[in-house]
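# Descriptive analysis of the structure
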Amino acid sequence: MRKPISLILCFGLPALFLVGGFVLAGLYGFRKIPEIFQESARGTLPEGFVVRLNKAGKYTVWLSLGDGRDFSDAPAAEELPPGSRLFVFDDASGRELEVSRWGQSTKFIGDEKSVSLGSFEAVRPEQLIEVKGTGFSEPVMVSVSPATTRRTLGVVLTLVGIVGVTLTVSIFSFVTLIQRRQCAVDSLSGG
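Residues numbered from 1 in each chain as written. Predicted model: local features only at pLDDT ≥ 70, side-chain atom pairs only at ≥ 80, totals over all residues. Heavy atoms only, no water.

When pLDDT is averaged across the protein, the result is 82; 88% of the residues are at 70 or more. Considering only residues more than four positions removed or in separate chains, one finds that residues 68-76, a stretch of pLDDT under 50, has eight contacts. (pLDDT = per-residue confidence, 0-100. Contact = heavy atoms within 4.5 Å.)

Further remarks concern helix α2 (residues 149-189). In this model α2 runs 60 Å from its N-terminal to its C-terminal C-alpha over 41 residues, within 8% of the 60 Å that 1.5 Å per residue would give. Every buried residue of α2 is accounted for by V155, L159, I162, T166, S170, S173, L177 and R181. (Helix = DSSP H or I, 4+ residues; strand = E, 2+ residues; numbered from the N terminus. Expected span 1.5 Å × (residues − 1). Buried < 20%, exposed > 50% of the residue type's maximum accessible area, 1.4 Å probe, protein only.)

On to the sheet that holds strand β4 (residues 85-90), then. Within the open sheet, the four strands sit side by side as β2-β8-β4-β5. Their pairing is antiparallel. Every interior strand has two partners, whereas the edge strands, β2 (49-53) and β5 (96-97), have only one. Pairing of β4 with strand β8 (residues 127-134) involves six bridges; the strand directions are antiparallel. Bridging across to β8, L86 finds its partner in G133. (Pairing = 2+ DSSP bridges.)

On to the side chain of S119, then. Among the secondary structure elements, S119 is positioned in strand β7 (residues 112-122). By relative accessible area, S119 is classed as buried at 12%. A distance of 3.4 Å separates a polar atom in the side chain of S119 from a polar atom in the side chain of T60. Residues in contact with S119, not counting those within four places in the same chain, are Y59, T60, E98, V99 and S100. (Polar contact = N/O pair within 3.5 Å; in protein donor to acceptor, adjacent residues only side chain to side chain.)

Rendered as structure tokens:
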């Protein structure tokens with residue numbers, strides 16, 4: 001009777017640690033990942049739109065390319081049409097905010113693919129900004145969202161850490177329980 005119980009313990013406890021760790025990682029991801037993709041506002045250019053930014057900090061302007069699964073219909077250049085320009089203004093002062101384009105990134109939300117047009121800095125909470133454009137032959141959809149590079153990296157590293165610790169604890173407990181079982185079997189057999 002002791003043999004099945006020790007086998008269940010040897011395989012069940014590491015499996016319990018493994019499942020528990022993956023559930024914890026899943027719950028953490030379920031809670032944190034939507035925050036990464038949060039948008040402050042969405043509108044069309046050249047009409048433009050005004051948005052109230054909740055916090056001070058960096059924000060990114062994204063150009064929506066539509067359905068990300070069908071790349072045959074996507075625009076050839078993943079940027080604004082030739083001759084068009086994007087402007088971001090502080091609504092209170094009318095001053096143009098500098099939009100820096102030091103690197104282009106891509107994001108997928110569901111079936112929608114978007115590329116970054118640049119980032120700007122909001123200097124105070126509850127700041128109203130106006131996004132405008134010129135030189136567009138057809139309207140394009142753009143959105144403004146908080147820059148999430150640090151947050152994304154933090155979430156990814158936390159998820160990797162949870163999975164890594166889970167695997168390590170599961171493997172360590174499995175090896176330890178197998179060794180203890182083997183020692184118990186050896187002592188019972190008199191060897």
